[in-house]
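# Examination of the molecular architecture
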Amino acid sequence: MRSTTVLTIALGATALAPVFGVLALVLRDPNRANVNRTLATIGRGYVDPNRRPSFGVRVGGPLARRLGRLGTALTVGGAVARLQRLLDRAGNPPSWPVERVVAAKGIGLVAGLCGGVLFGLMLGGTGSVLLATVIGAVVGFFGPDLAIYNAGAKRQEELRRSLPDVLDTLTICVEAGQGFDAALAQVARNGKGPMAGEAARVLQEMRIGKSRSEALRAMSARTTVGELRGFAASVVHASDLGVPVAQVLREQSREMRMRRRQRAEELAQKVPVKILFPTLFCLFPALFVVVLGPGVINIIHTFAGH
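Conventions used here
Residues numbered from 1 in each chain as written. Predicted model: local features only at pLDDT ≥ 70, side-chain atom pairs only at ≥ 80, totals over all residues. Heavy atoms only, no water. Helix = DSSP H or I, 4+ residues; strand = E, 2+ residues; numbered from the N terminus. Buried < 20%, exposed > 50% of the residue type's maximum accessible area, 1.4 Å probe, protein only. Contact = heavy atoms within 4.5 Å. Areas by Shrake-Rupley, 256 points an atom, 1.4 Å probe, with all protein chains shown as cover. Axes fitted to C-alpha atoms, helices over the stretch in contact; angles between N-to-C directions. Parallel < 35°, antiparallel > 145°, perpendicular 65-115°, else oblique. Nonpolar A, V, L, I, M, F, W, Y, C, P; charged D, E, K, R; others polar. Core = buried A, V, L, I, M, F, W, Y, C linked by side-chain atoms within 4.5 Å. Expected span 1.5 Å × (residues − 1). UniProt positions renumbered as here; feature names shortened; annotations may be inferred. Left-handed = near helix turned anticlockwise from the far one by under 90°. Phe/Tyr/Trp six-rings, centres within 6.5 Å; stacked < 30°, edge-to-face > 60°. Lys NZ or Arg CZ within 6 Å of the ring centre and 35° of its normal. Polar contact = N/O pair within 3.5 Å; in protein donor to acceptor, adjacent residues only side chain to side chain. Salt bridge = Lys/Arg side-chain N within 4 Å of Asp/Glu carboxyl O.

## Quick look at the overall build of the protein
Looking only at helices and strands, the protein features eleven helices and zero strands. Each helix and strand of the protein, ordered N terminal to C terminal, gives the series α-α-α-α-α-α-α-α-α-α-α. Taken over 306 residues, the protein has a buried fraction of 27%. Excluding contacts between residues fewer than 6 apart, the proportion of contacts in the protein whose partners are at least 24 apart in sequence is 59%. Element-wise, carbon and sulfur atoms account for 66% of the exposed surface of the protein, whose accessible area totals about 20,700 Å².

Structure follows, in structure tokens:
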């Protein structure tokens, strides 16, 4: 009896196998098939293993790696930490991690040495060669630091300018009934500029296990903008003391708008001082030539006639 039952089940499964196969082909999801083909392509790789790399890749790659090790050897641990802080202020560009920046310092050092030697030979003289070599080496080695510092300063200025609008958005969202985290998500999703990136990073750090206070303190450590640091400290204190966040955001938004107006007035008051020297050295000489020139010429002709 048992063998008859097993035989019946086996025959039924064999008969139904073609039916299930046809259904699988008919009901196959085309999107899933496209995803599977893409994954298979990635698994095979995009580079042909039989293709020989070019001469520049074969020569330049090892040379760049050796020069990168030179930059790593010349950069101490404290300098690496300082570079990481500068990269944090610049937004941590994905294509320039701190290891690549350190390697670029070594490449810049050798390039600066070669450029300095060539420039010194063009000027002529041993002293010129030595001076140009030293200046080229210094500029090449610290050039990446200056570039990152410049990018960080521009980004911090953009943060300062966009902060009042972001605070207004947070205040409106929280007063409308959303939580602070949901308001930050609105800023990260609909905002533009570096402030939206900072909000997205705070949310990501909270998702991986950090508390709100820790994520906001980390954001405060990544910036040099005093207003943003004050905002983060106020939200942290409100969370620790149980103060309503909406009230804190409303006060912060009012203060940011007042500071923005004061900063605009300060810049407007600096304009006369900044325009004074171009006026004195560029406009007044030409004006004096036009106004006093004919009179001076007449005086010269008068005295020449006598």
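## Examining the packing of helix α6 (residues 126–175) against helix α10 (residues 226–241)
Two elements in contact, α6 and α10, have axes whose closest approach is 9 Å; the angle formed by their N-to-C orientations is 30°. Classed by the angle they form, the pair α6 and α10 counts as roughly parallel. Note on element contacts: α10 touches α6 through Glu227, Leu228 and Phe231, opposite Leu159, Arg160, Leu163, Leu167 and Leu170. Within the contact of α6 with α10, the residues separate by chemical class into six nonpolar, no polar and two charged.

## Notes on the nonpolar core
Grouped burial of nonpolar side chains is what soluble globular proteins tend to show. Core analysis: the largest hydrophobic core is formed by 30 residues, its most contacted members being Leu170, Phe180, Leu216, Leu228, Phe231 and Leu249. Counting residues per element, the ones that place at least two in this core are α6, α7 (180–190), α8 (194–207), α9 (212–221), α10 and α11 (245–305). The leading source of residues in this core is α6, at seven residues. Not counting residues within four places of it along the chain, the set of residues in contact with leucine 170 comprises Phe180, Ala183, Leu184, Val187, Phe231 and Leu249. Listed in part, the eight residues of the second largest apolar core include Leu83, Leu86, Val98 and Ile148.

## A closer look at unusual backbone geometry
One non-glycine residue with positive phi stands out, namely asparagine 92, at about 50°. Within the secondary structure, asparagine 92 is located in the loop between α4 (77–89) and α5 (98–123).

## Looking at α5
In this model α5 runs 36 Å from its N-terminal to its C-terminal C-alpha over 26 residues, within 8% of the 38 Å that 1.5 Å per residue would give. Downstream of α5 by a residue or two, glycine 124 has a phi angle that is positive, lying close to 90°.

## A word on the UniProt feature "transmembrane region" (unreviewed entry) in the protein
Under the local residue numbering, the UniProt record ascribes the feature "transmembrane region" (unreviewed entry) to residues 6–27, 102–123, 129–151 and 275–300. Within residues 102–123, the helical portion is 100% and the strand portion 0%, while the C-alpha atoms at the span's ends are 31 Å from each other.

## What to know about the packing of α7 against α8
One way to put it is that α7 packs onto α8 with a least axis distance of 8 Å and a crossing angle of 135°. With respect to α8, the element α7 is oriented oblique. In terms of crossing hand, the pair formed by α7 and α8 is left-handed. Contact residues: Asp181, Leu184, Ala185, Val187 and Ala188 in α7; Ala196, Ala199, Ala200, Val202, Leu203 and Met206 in α8. Per-class residue counts for the contact of α7 with α8 are ten nonpolar, no polar and one charged.

## Details of the packing of aromatic side chains
For the coordinates displayed, the defined rule picks out two aromatic pairs. With 5.1 Å between their ring centres and 90° between their planes, phenylalanine 141 and phenylalanine 142 make a pair best called edge-to-face. Seen from their ring centres, phenylalanine 284 and phenylalanine 288 are 6.0 Å apart, and the 35° between their planes marks the pair as tilted. A residue pair is termed a helical-turn pair when its members lie 3 or 4 positions apart in one helix, as phenylalanine 284 and phenylalanine 288 do in helix α11 at four residues. Owing to a relative accessible area of 31%, phenylalanine 284 belongs among the partly exposed residues under this scheme. Between the NZ or CZ atom of arginine 100 and the centre of the ring of tryptophan 96, over which it lies, the distance is 5.9 Å. Between lysine 105 and the ring centre of phenylalanine 141, over which it is positioned, the NZ or CZ distance is 4.0 Å.

## Some details on the environment of threonine 223
With respect to the helices and strands, the residue threonine 223 is situated in the loop between α9 and α10. As a C-alpha pair, threonine 223 and glutamate 198 span 25 residues in sequence and 9.9 Å in three-dimensional space. Excluding residues that lie within four positions of it along the chain, threonine 223 makes contacts with Gln156, Leu159, Leu228 and Arg229. For threonine 223, the side chain forms a polar contact with the side chain of glutamine 156, separated by 2.5 Å. Polar side-chain contacts of threonine 223 include one of 3.1 Å to the backbone nitrogen of valine 225.

## Quick look at the pattern of salt bridges
What the rule picks out here adds up to 19 salt bridges. Across the pair glutamate 157 and arginine 161 runs a salt bridge, and its minimum N-O distance is 3.5 Å. Note that glutamate 157 and arginine 161 are positioned in helix α6 at a spacing of four residues, about one turn of the helix. With relative accessibility at 30%, the residue glutamate 157 sits in the partly exposed group.

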